[in-house]
Structures are given as structure tokens and as C-alpha cells.
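A closer look at the structure
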Amino acid sequence: MLKLLGAALIISAATAAGWFQAKQYANRPVQIRKLILALRRLQTEIQYGYTPLPEALLRVGEQSGDPIRPIFASAASQMNAPFNYTAKDSLQRALDQEWKGTAMKTAEKDIMSQLSHTLGTSDRQDQFGHLATAVRQLENEEIVAREEQGSYEKMFKSLGLLFGAFIVIILY
Amino acid sequence: MDQSWLSVFPDTLRRLLAKLPESLFAELEEIRIREGRPFEVNAGGRHQFLTPDGEMTSVPSRAYHPDKQDTGRLLDLLTNHSLYTMEEELRKGFITLPGGHRVGLSGRTVLAGGRVEHLRDISGFNIRLARELKGIGDPLLPYLLDFRHQTVLHTLILSPPQQGKTTLVRDLVRLISGGSWRHPEARWPGKKVAVIDERSEIAGSKFGVPSFDLGPRTDVMDGCPKSEGMMMMIRSMSPEVLVVDEIGRPEDAEALTEALHAGVRVIATAHGTDVEDLESRPVLSKLIGASFFQRYIVLYRRENQLLFSVRDEQRRRILGIEEKEGRQRA
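Predicted model, so just to flag it, every value in this text is computed and none were measured.

**Quick word on the overall build of chain A**
- A tally of helices and strands in chain A yields six helices and zero strands.
- Each helix and strand of chain A, ordered N terminal to C terminal, gives the series α-α-α-α-α-α.
- By the compact-globule yardstick of 16 Å for 172 residues, chain A is too spread out, its C-alpha radius of gyration being 21 Å.
- Expressed as a percentage of the 172 residues in chain A, the buried residues total 42%.
- The long-range fraction of contacts in chain A, counting pairs at least 24 apart against all pairs at least 6 apart in sequence, stands at 66%.

Structure, rendered in C-alpha cells:
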């Protein structure tokens, strides 16, 4: 009886792990899309709204929802008092602190990290260009992410269950 | 003094400034940062350099030399991380901070059609700390009163830069707006004052609200070209007294004449060391020739004192600096 209970536990844990992994593959393109939309909104705030960066990040973050909001909100708060970090440092730190909470990978993080070097430091036209470049790069990543979702999402879902069953068989 | 302006400095520079003796810190007027060159401060009218230990020196080579990282961080903090919101400011060459402090900038200009389009590679900063010295206008105001019409006379205030012109005008606005005439026989209420603050210096407005006390009946048009602003104010805000900083362009004279016809009293300032100086300047000489101004004030600064002389519309001396000295600066 105890054995049966253990076997059920192992199978359900492995299945959950598989599902979680599959979910990450499913979430990544969705989150990249959200990030792209957020950067487009930021473009508008800068180009037409003349909104200062901390305020623009907060506003866009609110509109974009999780997991974009914590990143942008953290960057904005570090730009303001009492931290007063530069725009670059604030965004880098926010990425380091909050990126774990997303399903996105280092490729997307690198794009954001590159963006941090120029964000807020030039005129509107220039900012528009830099944001447009980041959006284009993210769109490429989105395509890759969708392909990976297609090939791995289902696989991980079933793999979890199968792996659980495999361990149970070995142990039994 | 309010020290919020310190937050625009990157850590390295802020630490140096924090090491200054308190008496000197309270007298700070200008902080000059030039990339790769000595870090300079001006306190109480004296220019000196700051060493990496926070000591004052007159030897440039001993001074701390801010590097590219320092100036980059300073610019980032000055612009609230948003250089793109400051395009107009960069074109004009200065940024106004909360509290009315002003930061002059120098760098490389980008031209478009022969006009300055943008400022880039910004490497020189001059942070001018604004002071609110209440009462500095007290000894002067009685000379500007028009008892017959119960208002103030058309006045031109002259001084070279850095002598406290703006500080004085600010205090005069506060007194006129509040009806504190500083004269036993002047017992009429405060006037509606309109300030055209083209360079955001008089009021130090942030988001349209003045940082300084300008009295209860003062309207401020912030960042507006003077001539246009004067016309807008006359048309829309029915001012009784109009205050403008640094007149000198042909269109200013036109707007001033318009104000005269509208029955509005004008207090204006201009750069100059004496009334005779003005004759060589086309616009101002025209205004003097037309006897527009009824009072001319020339400001001097000796040590820490603000001194002034007053002349009437015929440019006769009513009060010389020898006769009476202005109130001591705080």
C-alpha cells in the first residue's frame, strides 16, 4: 500500500515537473509579445508624450501586467530617490532581480540589457531608433520561441509522465 | 538651505561637496564641473577648486578632475534619466531644477539650417544655486512707488550677471503682490503682478507652479518668450504690474510700449553696468530716449553686500551708493 502511494507521488511529481517545463515553453512567446508591446508603448510615451523615463516605465508597466510590470517598476523605483541610480544601472539591476520571474531566456535579457545603455540618454528620434531595434530583435526571438514551443511543449508534457512511470518501474 | 539639489550629483561629486565646511556650503553660489578639468566651486563670490579630499585650493592641478563617468551620471540625473524631454532646454543651453536652481550646459552643438538644433557631447556644467533672500528689496521699494496712482513706477534694473538681479526682482514681486510697500504713507493693497519668466529663473517653476514665494497675487508665464508672454498676459490676465527679466530684443520694446498703452506698470531687468551703457544698445536706447522708464536702478555687489543707486526718468541721481547701502545679504 505504502509502495503504491510512493509510486503515485513520484508519478504526479514528475508529471507536474513536465507540465511546468511545458508551461515555460508556452509562456515564453506570450511574454516576449508582451515585452514587445510594452516597448512599443514606451516608444509612444517618449516620442509623443515626452514622459520622463521613470514615469513612463511605471505607466507602461502597469498597462503591460505581469511579468513586465515588476521589471519596469523596479527599474523606475531605482532611478528615483533615494537610490538615484542612472537609467542604465537601474534597468540592469531590475533585470538581474526580476528576470527569474519570467519564462524568457537570456537572449531576451541581453536585448534589454543592450537597450539599457542608450535608454534616456539621447533625443527622441534616437530613442525611437534604439527601441525599434530592440523590438525587431525581440520579434526574431519570438519566432524562435514559437518554434521551440511547437516542438517541445507537448514533448515535455508527456515526458514528465513517462519519466515518472520509468522511475516507478525501476524501483518496483 | 534646501539641499534637494544635492541629489542631482553622482556619489563621487556629492561626497566631495559634503566635505565642505558648513559655512562655505551655505554660501555656495556656483558649482562648475568640466570634464577632465578641475572641479570648481564659487562660494560667497570667491572661486576655488576642490581637491579629492574636499579641501579648497587655488592650484588647479591639485583639484579633483571629474571624468567622463562623472559627467555622464550627472547629465543622467539632471535630466531625470530622460534627455529626450529636455530638447528645448538643450537648445537654450540650460536646465531648471526643482527649487529654481539652474544648470547651464556647454558641449558640441548640432546645427540645422544654421540654428542650434541640439546639444550633444555635453561636458561643461554650471550649477547656479538660486537663493531666496526675503527682505532684500525692502530698502529699494520706497523709491519705486507712484503715490499719485497708488502703484509702482516703470523701473529698469541694471547689473552685470551674478550680482543678485533675479533675487532682487523676485523679492520685489513678492512685496508688490503682497502690498508691503515698506513706506509709512503707502497704504494701498497689493497689485496683480504678472511675471514673464522666460528662463524659469524668477519663479523657478516646476510643472507650472512657482518654487519661490512670489506673493499672493502673482501669475507666472513660465518658459515663454518675453514679448509674446507680455502680450498674452496683458490680454488674458489683466495685470497691474508686469515683470520681465533681461529685455534687449527689438520685439521686447514693442511689447513694452504696448504695456505702457494698456496702463500696466513694468519692472524689467537688463545686463549693464550703468545707465550710460544703454545708449549704445539699439533697443534699450530707444526705450530710454522715449522716457519709458521712470526709475533706473543699478546694482553693485561689494563683498557680501548688495548695493544700489537710483536714478529718475531724467537719469538724475536720486540715491547714490555712497549715500545709502542696501541691506546686508544673508
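From this point, the discussion proceeds with the structure in view.
**What to know about the sheet that holds strand β2 (residues 40–43) of chain B**
All names here are of chain B.
- Reading across the sheet, the seven strands line up as β4-β3-β2-β1-β7-β6-β5 and stay open at both edges, with antiparallel pairing between neighbours. Where the open sheet ends on each side, the last strands, each with one partner, are β4 (56–57) and β5 (94–96).
- Of the strand pairs in this sheet, β5 and strand β6 (residues 102–112) are connected by three bridges, and their pairing is antiparallel. The partner of isoleucine 95 across the bridge, within β6, is valine 103.
- The strands touched by helix α3 (residues 68–78) within the sheet are β1 (28–34), β5, β6 and β7 (115–128), with β7 carrying the most contacts at an inclination of about 100°.

**Description of helix α3 (residues 68–79) of chain A**
Residues and elements named next belong to chain A.
- In a regular helix each residue adds 1.5 Å, so twelve residues correspond to 16 Å; α3 covers 17 Å between its end C-alpha atoms and thus fits that length.
- Those residues of α3 that sit buried are Ile68, Ile71, Phe72, Ser74, Ala75, Ala76, Gln78 and Met79.
- The secondary structure elements touched by the buried residues of α3 are α1 (2–47), α2 (53–64), α4 (87–98) and α5 (106–116).

**Topic: the packing of aromatic side chains**
- Counted under the stated rule, the structure contains nine aromatic pairs over all chains.
- Ring centres 6.1 Å apart and planes at 65° place the aromatic pair B:Phe293 and B:Tyr296 in the edge-to-face group.
- Classification of B:Phe293 as buried rests on a relative accessible area of 1%.
- An aromatic cluster of three or more residues is present, and its members are A:Tyr25, A:Tyr152 and A:Phe156.
- The lysine or arginine in question, B:Arg102, covers the ring of B:Phe94, its NZ or CZ lying 4.3 Å from the ring centre.
- In this structure, B:Arg170 packs its charged tip against the face of B:Phe212, placed 3.9 Å from the ring centre.

**Re the side chain of B:Ser205**
Residues and elements named next belong to chain B.
- Locating serine 205 in the fold gives a position in the loop between β11 (193–197) and β12 (218–222).
- Using a relative accessible area of 5% as the deciding quantity, one classes serine 205 as buried.
- Setting aside anything within four residues of it in sequence, one finds serine 205 in contact with Ser200, Pro210, Ser211, Val220 and Asp222.

**Considerations on the interface of chain A and chain B**
- Residue-level contacts link 19 residues of chain A with twelve residues of chain B.
- Summing both partners gives a buried area of about 1300 Å² for chain A against chain B, and 54% of it is carried by carbon and sulfur.
- When the buried surface of chain A facing chain B is broken down by residue, A:Asn84, A:Thr86 and A:Asp123 rank first, second and third, together holding 31% of it.
- In this assembly, chain A and chain B are joined by two salt bridges.
- With its nearest N and O atoms 3.3 Å apart, the salt bridge here joins A:Arg124 to B:Glu87.
- At the junction of chain A with chain B, the criterion picks out ten residue pairs in polar contact (both at pLDDT 80 or more).
- Elements that contribute at least two residues to the side of chain A that touches chain B include exactly α2, α4 and α6 (124–171) of chain A.
- Taken together, the residues that form the side of chain A that touches chain B break down as eight nonpolar, eight polar and three charged.

Basis of the calculations
Residues numbered from 1 in each chain as written. Chains lettered and ligands numbered in written order. Predicted model: local features only at pLDDT ≥ 70, side-chain atom pairs only at ≥ 80, totals over all residues. Heavy atoms only, no water. Helix = DSSP H or I, 4+ residues; strand = E, 2+ residues; numbered from the N terminus. Rg over C-alpha atoms; globule rule 2.2 N^0.38 Å. Buried < 20%, exposed > 50% of the residue type's maximum accessible area, 1.4 Å probe, protein only. Contact = heavy atoms within 4.5 Å. Pairing = 2+ DSSP bridges. Axes fitted to C-alpha atoms, helices over the stretch in contact; angles between N-to-C directions. Expected span 1.5 Å × (residues − 1). Phe/Tyr/Trp six-rings, centres within 6.5 Å; stacked < 30°, edge-to-face > 60°. Lys NZ or Arg CZ within 6 Å of the ring centre and 35° of its normal. Buried area = accessible area lost by both parts, 1.4 Å probe. Salt bridge = Lys/Arg side-chain N within 4 Å of Asp/Glu carboxyl O. Polar contact = N/O pair within 3.5 Å; in protein donor to acceptor, adjacent residues only side chain to side chain. Nonpolar A, V, L, I, M, F, W, Y, C, P; charged D, E, K, R; others polar.

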